[in-house]
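So you can see what is in the structure, the chains are spelled out below.
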Number of protein chains: 2
Amino acid sequence: MAKPGIPKGTRDFSPSEVAKRQYIISAIKHHFELFGFQPIETPSFENSDTLMGKYGEEGDRLIFKILNSGNYFYDKKGIELPQSLEELKANSAENITTEQLIELNKFTAKISEKALRYDLTVPFARYVVQHQNDITFPFKRYQVQPVWRADNPQKGRFREFYQCDADVVGSTSLWQEVELVQLYDAVFTQLGLDGATIKINNRKVLGGIAEVIGAKDKLIDFTVALDKLDKIGEDGVKAEMLAKGIEAQAIEKVQPLFNFTGSIDEKLNQLADLLAGSEEGTKGVEELRFICNNVAATGLGNSILDLDVTLARGLNYYTGAIFEVSAPKEVKLGSIGGGGRYDDLTGIFGLKNMSGVGISFGLDRIYLVLEELNLFPETVTEGTKVLFINFGDKEAQYALKAISRLRNQGIKAELYPDNAKIGKQFQYADKRIIPFAVLTGDTEIDNNNFTLKNLASGTQDIVTFDQLVEQLTGL
Amino acid sequence: MAKPGIPKGTRDFSPSEVAKRQYIISAIKHHFELFGFQPIETPSFENSDTLMGKYGEEGDRLIFKILNSGNYFYDKKGIELPQSLEELKANSAENITTEQLIELNKFTAKISEKALRYDLTVPFARYVVQHQNDITFPFKRYQVQPVWRADNPQKGRFREFYQCDADVVGSTSLWQEVELVQLYDAVFTQLGLDGATIKINNRKVLGGIAEVIGAKDKLIDFTVALDKLDKIGEDGVKAEMLAKGIEAQAIEKVQPLFNFTGSIDEKLNQLADLLAGSEEGTKGVEELRFICNNVAATGLGNSILDLDVTLARGLNYYTGAIFEVSAPKEVKLGSIGGGGRYDDLTGIFGLKNMSGVGISFGLDRIYLVLEELNLFPETVTEGTKVLFINFGDKEAQYALKAISRLRNQGIKAELYPDNAKIGKQFQYADKRIIPFAVLTGDTEIDNNNFTLKNLASGTQDIVTFDQLVEQLTGL
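As the structure is a computational prediction, the values presented were derived from the model and not from experiment.

**Some thoughts on the overall build of chain A**
Point 1. Each helix and strand in chain A was counted, giving 18 helices and 16 strands.
Point 2. Compactness check: chain A gives a C-alpha radius of gyration of 29 Å against a globular reference of 23 Å for 475 residues, more than 25% above the reference.
Point 3. By the burial criterion, 56% of the 475 residues in chain A qualify as buried.
Point 4. Taking as baseline every contact in chain A between residues at least 6 positions apart, the subset at least 24 positions apart corresponds to 69%.

**Quick notes on the side chain of Lys218(B)**
Residues and elements named next belong to chain B.
Point 1. Following the sequence through the fold, Lys218 ends up in the loop between α8 (203-213) and α9 (219-226).
Point 2. You can call Lys218 buried: its relative accessible area is 19%.
Point 3. Other than its neighbours up to four places away in sequence, Lys218 contacts Lys244, Gly245 and Ile246.

**Some remarks on unusual backbone geometry**
Point 1. Cis geometry is adopted by the peptide bond preceding Pro138(A), which originates at Phe137(A) and carries an omega value of -5 degrees.
Point 2. By the secondary structure assignment, Pro138(A) is in the loop between α6 (121-130) and β5 (139-148).
Point 3. Phi is positive for Asn448(A), close to 50 degrees, though the residue is something other than glycine.
Point 4. In this fold, Asn448(A) is placed in the loop between α17 (442-447) and β15 (450-454).
Point 5. Non-glycine residue Asn353(B) carries a positive phi angle of around 60 degrees.
Point 6. Within the element layout of this structure, Asn353(B) appears in the loop between β10 (335-342) and β11 (356-361).
Point 7. Under the relative-accessibility criterion, Asn353(B) is labelled exposed at 74%.

**Observations concerning the sheet that holds strand β14 (residues 436-439) of chain A**
Residues and elements named next belong to chain A.
Point 1. Spatially, the 5 strands line up as an open sheet ordered β13-β12-β14-β15-β16, and their pairing is mixed. In this open sheet, the two strands that pair with only one neighbour each are β13 (413-415) and β16 (460-463). Sheet twist, expressed as the average angle between the axes of neighbouring strands with direction ignored, equals 25 degrees.
Point 2. Here 3 bridges tie strand β12 (residues 386-388) to β13, and the two strands are oriented parallel to one another. Looking across to β13, one finds that Leu387 is bridged to Glu414.
Point 3. Relative to β13, helix α15 (residues 393-408) is tilted by about 165 degrees, and along the sheet it contacts β12, β13 and β15.

**Topic: the pattern of salt bridges**
Point 1. Following the criterion strictly, the structure yields 46 salt bridges over all chains and no others.
Point 2. Notably, a salt bridge pairs Asp217(B) with Lys218(B), separated by 3.5 Å at the nearest N-O pair.

**Considerations on the domain arrangement of chain A**
Point 1. Partitioning chain A into domains gives domain 1 (15-47 + 115-372) and domain 2 (383-473).
Point 2. Distance between the C-alpha centres of domain 1 of chain A and domain 2 of chain A: 52 Å.

**Observations regarding the UniProt feature "binding site: L-histidine" (unreviewed entry) in chain A**
Residues and elements named next belong to chain A.
Point 1. With numbering aligned to this structure, UniProt lists the feature "binding site: L-histidine" (unreviewed entry) at Asp119, Leu120, Thr121, Arg149, Gln163, Asp167, Arg313, Tyr317 and Tyr318.
Point 2. Mapped onto the secondary structure, Gln163 falls in strand β6 (residues 160-169).
Point 3. We classify Gln163 as buried; its relative accessible area is 12%.
Point 4. Aside from chain neighbours lying at most four places away, what touches Gln163 is Asp119, Leu120, Gln143, Val144, Gln145, Val147 and Arg149.
Point 5. Looking at the secondary structure, you find Tyr318 in the loop between β8 (304-307) and β9 (321-326).
Point 6. Each residue touching Tyr318, except ones within four places of it in the same chain, is listed here: Arg203, Arg313, Gly339, Gly340, Arg341 and Tyr342.

Calculation rules
Residue positions are given per chain, counting from 1 as you read along its sequence in written order. To read the labels, note that chains go from A and ligands from 1, taken in the order they are written. With pLDDT at 70 or above as the cut-off, local features in this predicted model cover only qualifying residues; side-chain atom pairs require 80 or more to be listed or tallied, and sums for whole chains, interfaces and linings still use all residues. As a convention, hydrogens and water are excluded, and side-chain values are obtained from all of the structure's heavy atoms. Think of it this way: any DSSP run of H or I at least four residues long counts as a helix, any run of E at least two long counts as a strand, and we number them from the N terminus. In this treatment the radius of gyration is a C-alpha quantity, and the globule benchmark scales as 2.2 Å times the residue count to the 0.38 power. With a 1.4 Å probe rolled over the protein chains alone, any residue whose accessible area is under 20% of its type maximum counts as buried; one over 50% counts as exposed, and the rest are partly exposed. Whether two residues are in contact is decided by their heavy atoms, any of which lying within 4.5 Å being enough. Being paired, for any two strands, means DSSP has found at least two bridges between them. In this description, a line fitted to the C-alpha atoms serves as the axis of each element, helices being fitted only across the stretch in contact, and the angle between N-to-C directions of two axes falls anywhere from 0 to 180 degrees. For salt bridges, the criterion is a side-chain nitrogen of Lys or Arg within 4 Å of an Asp or Glu carboxyl oxygen. Each domain span listed reflects an automatic or database assignment of domains. UniProt positions are given in the numbering used here, feature names are shortened, and annotations may be inferred rather than shown by experiment.

The structure is reproduced here in structure tokens:
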């Protein structure tokens with residue numbers, strides 16, 4: 001029989017991996033709650049029509065669809081086969097026509113009416129609309145749950161992964177952006193990360209730049225090229241912009257962006273001059289100024305706030321602030337979080353004028369960063385503190401009584417289940433990295449005490465129960 | 001636009017529901033770890049061939065199948081349509097022939113190669129076999145994750161629900177059964193449950209009874225009838241047994257089971273006499289005696305251990321001990337946990353001779369029990385401790401500085417994001433059950449202090465920052 005495996009892009013997590021992931025999740029949840037966010041959970045699968053069409057054509061393709069239960073092929077609804085199914089069968093996937101694809105999608109919609117959650121934002125919007133009468137607005141919710149995407153797996157990209165999101169819906173106040181920057185900082189500071197950069201931009205600033213260069217449709221090309229300034233230099237960036245069809249005259253108008261340095265205040269002043277002619281751009285600069293000034297006034301821990309006008313993530317849905325967090329420079333891992341403001345979060349489900357703003361933490365990336373920088377505390381993977389060696393049933397009963405009392409005091413304790421050779425039992429302790437062993441023979445039972453062995457040093461002592469507790473907790 | 005909904009049998013969890021569920025899960029995990037169990041996690045979906053055929057025909061039908069991604073209908077493998085597909089279409093589900101069903105299942109297997117986890121035991125067995133070289137045996141693992149079943153939803157039965165399992169694999173020692181009884185007791189005692197009954201039986205005892213009544217195939221009928229003793233009396237039970245084809249002579253042989261009372265010891269003695277002629281039965285009684293004696297020697301908290309020979313759950317796979325936990329009598333909710341010993345856990349994946357024993361906690365049922373008995377501590381759903389009223393940007397900045405410092409001290413604090421009417425802000429605090437509000441106007445800013453209002457009593461004080469911390473934490 002071949003060794004069993006798991007689907008590509010999915011993972012098993014070993015005990016130490018679970019412990020480390022939980023350490024990160026606990027830190028994130030702890031700060032979500034300190035900041036007043038409340039947890040919700042939504043089902044792993046939603047009705048297909050809740051998800052389909054919300055993530056673009058590519059997204060629709062990447063959503064995992066669940067086959068209807070029962071005899072899905074001929075249920076009461078009278079499912080019809082695509083007329084050209086036989087032709088489809090003869091074709092290769094590459095040769096499919098648009099008409100055939102549409103037929104196939106229609107057929108899929110009939111045999112599959114549920115789909116696995118693709119992110120936490122759309123289910124959150126659905127939740128808010130569905131439960132709007134029970135919710136107190138502004139609603140500060142957090143959600144830490146897995147999502148699924150039929151992406152091609154690659155390093156750091158999985159088909160099942162956790163998202164850790166905090167969003168506020170129902171207020172346009174910029175104080176929320178201020179607090180979300182602080183929230184990022186609080187979590188990363190607690191995790192011991194030094195120098196995570198919280199990059200901020202504003203959709204309206206990007207809109208202003210588009211106005212200035214006179215080409216709304218070229219905005220992505222523009223920001224992508226500008227983002228390469230460090231790598232290919234001013235001339236290289238300009239050449240790329242020209243190649244993408246942005247006019248030389250337009251590029252000249254935003255010349256300050258090629259030497260966009262200094263403090264955030266200095267950058268904002270340059271930006272204000274540059275976008276003075278754009279109402280939208282000026283509004284964006286004002287918003288950024290409010291956020292950055294107030295973050296500065298309250299101060300940050302170990303993180304750095306930076307203004308990055310090339311930051312253009314979520315351009316299709318963000319309407320105000322845009323956030324992205326970079327890992328400290330010494331680890332080349334890219335983004336460890338992101339978020340932004342979307343003015344009409346719940347409109348897709350019929351509840352208008354609900355502004356939302358939120359951030360997300362990238363659990364897998366943060367894990368890799370902490371691993372690489374050796375920032376997981378040793379205590380995270382600490383398991384059982386003491387193993388009682390099994391010398392037989394009489395001794396085991398004596399041991400188990402003590403073990404129960406230790407557990408009542410919060411000490412993780414185990415009895416080796418079998419009366420195996422003592423070497424094997426010590427080997428178990430060694431492999432499990434259990435620091436102490438207790439030996440209980442006739443002498444110990446008669447004297448109502450315990451032989452406690454420190455497995456690292458090899459030293460051993462005869463101790464009473466109270467001394468046992470002391471030694472096991474005192475370390 | 002119609003209000004959006006969620007698939008039947010699934011649930012949204014509100015903040016207070018998440019908090020209460022987490023409270024239970026934390027208690028369970030805490031004790032799992034005190035007992036030396038280590039956490040693992042497995043993917044939400046497995047390869048179909050890992051799951052199919054492991055839960056019987058009914059189970060196979062209830063497994064949620066995931067449609068292959070991409071153009072599943074005509075991928076490189078050249079999927080063939082069932083020949084009789086057109087006939088199938090014309091048929092109603094009820095009229096499907098066995099041949100057609102087989103064809104349909106074959107077709108399903110081609111368009112769907114992954115399926116959602118149905119329980120945690122099969123994935124655990126798969127994990128053990130796949131990672132056997134990295135595992136230290138005996139392997140004590142716990143796993144708290146959702147599972148999915150396409151069951152017809154009904155009260156207390158959902159299509160997505162959590163299982164909380166602890167299992168040991170790789171040892172046949174009965175000390176593990178002893179510890180699992182203690183583990184049940186430790187969790188329920190911690191949750192404040194008084195009088196949960198941990199019922200124990202043994203597959204070998206049931207085997208012995210079958211031998212005595214001379215009808216292995218009637219064992220289920222026998223235990224089901226015997227279980228009704230309280231309700232329909234001895235005569236009723238006997239009548240049912242006769243109706244099921246169990247001979248009068250056979251029933252007479254097990255007469256002691258109709259008056260099966262007294263202490264566990266007394267019951268075991270009756271059972272030993274009854275099963276004296278059966279080697280298997282005698283072995284079962286010995287195992288039960290070992291477990292019950294050693295549980296008695298170490299003692300239990302608030303739970304009761306009871307021997308129940310009608311307990312026949314998992315008869316198809318359990319080979320030794322069988323456990324089931326009943327909620328305290330005053331709540332009529334049935335089983336809140338179950339488990340047992342299966343001698344060949346990993347054999348289905350090719351690793352022979354691995355005995356496993358484990359227990360499961362029923363999160364949803366435990367939730368209902370705690371709710372009904374009013375056992376959730378009030379602190380469980382406590383959220384934000386203090387709301388700072390927003391009087392404008394200058395005041396908000398002053399407030400946010402204090403809020404940051406409070407959060408650094410572990411106090412959950414919020415700033416109302418908008419400079420809304422004060423009544424609306426207090427209403428928000430009221431609905432969120434926030435016990436304190438802080439007001440900061442010009443006077444407070446000038447004097448570097450805060451007006452702290454107790455929202456329950458309505459009293460308010462002017463306090464320094466240190467006094468603020470004291471009052472918010474001292475309560």
